[in-house]
Amino acid sequence: MLAGMPTPEPAVPVPSSTVIVLRDEPAIDGPFSVLLLERHGSIAFPGATVFPGGIVDPGDADAPGARLPATQRWAPAGAGDRPPDALPYWVAAVRELFEEVGVLLATCDGRPLRGPLAADVAALRTRIVRERPFASLLAEAGLVPATEHIFYFARWITPVTNPRRWDTRFLVARVPPGQEACPDGTETVSCSWMTPRAALAAYEAGKISLIPPTVRTLDDLARFAAADAVLADAAHRIVRAVTPEVVHDASVTAIRYPDNTGAGTPARELVLRDGRWRPAEE
């Protein structure tokens with residue numbers, strides 16, 4: 001920076017939501033798998049493998065009948081999201097999941113959808129438009145976003161040094177029984193189910209590309225013994241708005257992720273080695 005030149009203001013973080021979809025799948029490397037997508041090369045994070053999600057739309061605030069989970073704990077005022085203002089982030093997660101892979105987290109007469117989607121419900125995926133609230137389309141089919149079955153897992157705000165920044169809520173839910181993920185071919189090139197450890201191993205081997213928040217989340221998920229344990233833990237997390245810190249020294253570049261769950265656990269670091277972000281050794 002030249003002397004006398006003003007320091008540019010940090011980019012304003014864009015509100016967004018992502019959803020970690022769990023499926024029981026006992027395997028050698030883990031008791032459950034998560035749904036991961038490969039991003040199209042023309043959108044944000046081109047070619048990256050990520051959880052489903054995207055930017056919150058203004059229409060996500062219009063969702064009659066949608067409710068936040070009754071057992072969810074919340075951060076103190078000013079420290080993080082709180083009801084009822086948090087609801088649009090939950091609705092955005094449901095909408096983005098349906099848009100990107102055709103999996104719909106919704107209820108009918110208060111009961112979660114089960115089995116393959118009916119043809120008229122599946123057709124709603126192609127009718128989602130930004131000018132009309134997503135929930136109103138569901139209401140035509142007698143459906144309500146199943147936001148009460150989705151729990152808070154983390155919230156990370158992109159460091160201030162990045163030219164593009166996101167304020168992303170990481171939510172977690174089970175896949176509805178009988179529903180299959182199918183990429184839209186526009187935002188999403190492909191999708192697959194992987195255990196958290198398998199996804200981290202694939203990244204380590206150079207088979208997939210991950211961005212730091214995904215590495216951090218998979219590292220967290222790999223510690224759980226069951227999908228039920230993930231959901232129970234998420235319901236009791238007190239998620240705060242946290243910006244990770246980028247740390248440079250003579251030989252190491254790292255991102256430090258402070259605890260944002262209210263549990264008082266030590267910060268976790270990702271260290272950049274050989275072009276890959278890796279969880280620091282404990």
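Residues numbered from 1 in each chain as written. Predicted model: local features only at pLDDT ≥ 70, side-chain atom pairs only at ≥ 80, totals over all residues. Heavy atoms only, no water.

Chemist: Mind showing me how you'd approach the overall build of the protein here?
Modeler: Summing up its helical and strand segments, the protein has six helices and 14 strands in all. In terms of C-alpha radius of gyration, the protein reaches 19 Å, essentially the compact-globule figure of 19 Å for 282 residues. Referenced to the eigenvectors of the C-alpha coordinate spread, the extents of the protein come out at roughly 60 × 50 × 40 Å. Look at the contacts in the protein between residues 6 or more apart in sequence, and 66% of them connect residues 24 or more apart. Surface summary for the protein: the accessible area is close to 13,400 Å², and the carbon and sulfur share equals 56%. Charged side chains of the protein number 28 positive and 34 negative; the gap between the two group centres comes to 2 Å. (Helix = DSSP H or I, 4+ residues; strand = E, 2+ residues; numbered from the N terminus. Rg over C-alpha atoms; globule rule 2.2 N^0.38 Å. Contact = heavy atoms within 4.5 Å. Areas by Shrake-Rupley, 256 points an atom, 1.4 Å probe, with all protein chains shown as cover. Lys, Arg positive; Asp, Glu negative; His and termini not counted. Charge placed at Lys NZ, Arg CZ, Asp CG, Glu CD.)

Chemist: What is the right way to read unusual backbone geometry from this model?
Modeler: Comment: phi is negative for the bulk of residues other than glycine, and the bulk of peptide bonds are trans. Residues P83 and P84 are joined by a peptide bond in cis, for which omega reads 0 degrees. Summarising the element assignment, P84 is placed in the loop between strand 4 (53–55) and helix 1 (87–101). Although it is not a glycine, D274 sits at a positive phi angle of roughly 55 degrees. Overall, the relative accessible area of 77% leaves D274 in the exposed class. (Buried < 20%, exposed > 50% of the residue type's maximum accessible area, 1.4 Å probe, protein only.)

Chemist: When you look at the sheet that holds strand 7 (residues 143–145) in this model, what are you seeing that I'm missing?
Modeler: Two modes of strand pairing occur in sheets, parallel and antiparallel, and in both the strands are linked by backbone hydrogen bonds. Reading across the sheet, the three strands line up as 6-5-7 and stay open at both edges, with antiparallel pairing between neighbours. Both outer strands of the open sheet, strand 6 (111–112) and strand 7, are each paired with one neighbouring strand and no more. Pairing of strand 5 (residues 106–108) with strand 6 involves two bridges; the strand directions are antiparallel. Within the sheet, the bridge partner assigned to T107 lies in strand 6 and is P112. (Pairing = 2+ DSSP bridges.)

Chemist: Looking at this model, I keep getting lost on the packing of aromatic side chains. Mind explaining?
Modeler: Note on aromatic pairs: each is described by the distance of the centres and the angle between the planes. This model, assessed by the stated rule, comprises six aromatic pairs. Look at F153 and F224: their rings are 6.4 Å apart centre to centre, the planes differ by 55 degrees, and that puts the pair in the tilted class. Placement of F153 in strand 8 (residues 151–157) and of F224 in the loop between helix 5 (212–221) and helix 6 (227–236) is noted, with a sequence separation of 71 residues between them. Considered together, F153 and F224 belong to a single accessibility category, that of buried residues. Judged by centre distance (4.7 Å) and plane angle (85 degrees), the rings of W156 and Y257 are edge-to-face. (Phe/Tyr/Trp six-rings, centres within 6.5 Å; stacked < 30°, edge-to-face > 60°.)

Chemist: What should I look at first to understand the pairing of strand 1 (residues 14–27) in this one?
Modeler: The side chains of a regular strand alternate, residue by residue, between the two faces of the sheet. In the sheet, strand 1 pairs with strand 9 (residues 166–174) via nine bridges, with the strands oriented parallel. Bridging across to strand 9, S16 finds its partner in T168. Hairpin connection between strand 1 and strand 2 (residues 30–39): a loop of two residues separates the two successive antiparallel strands.

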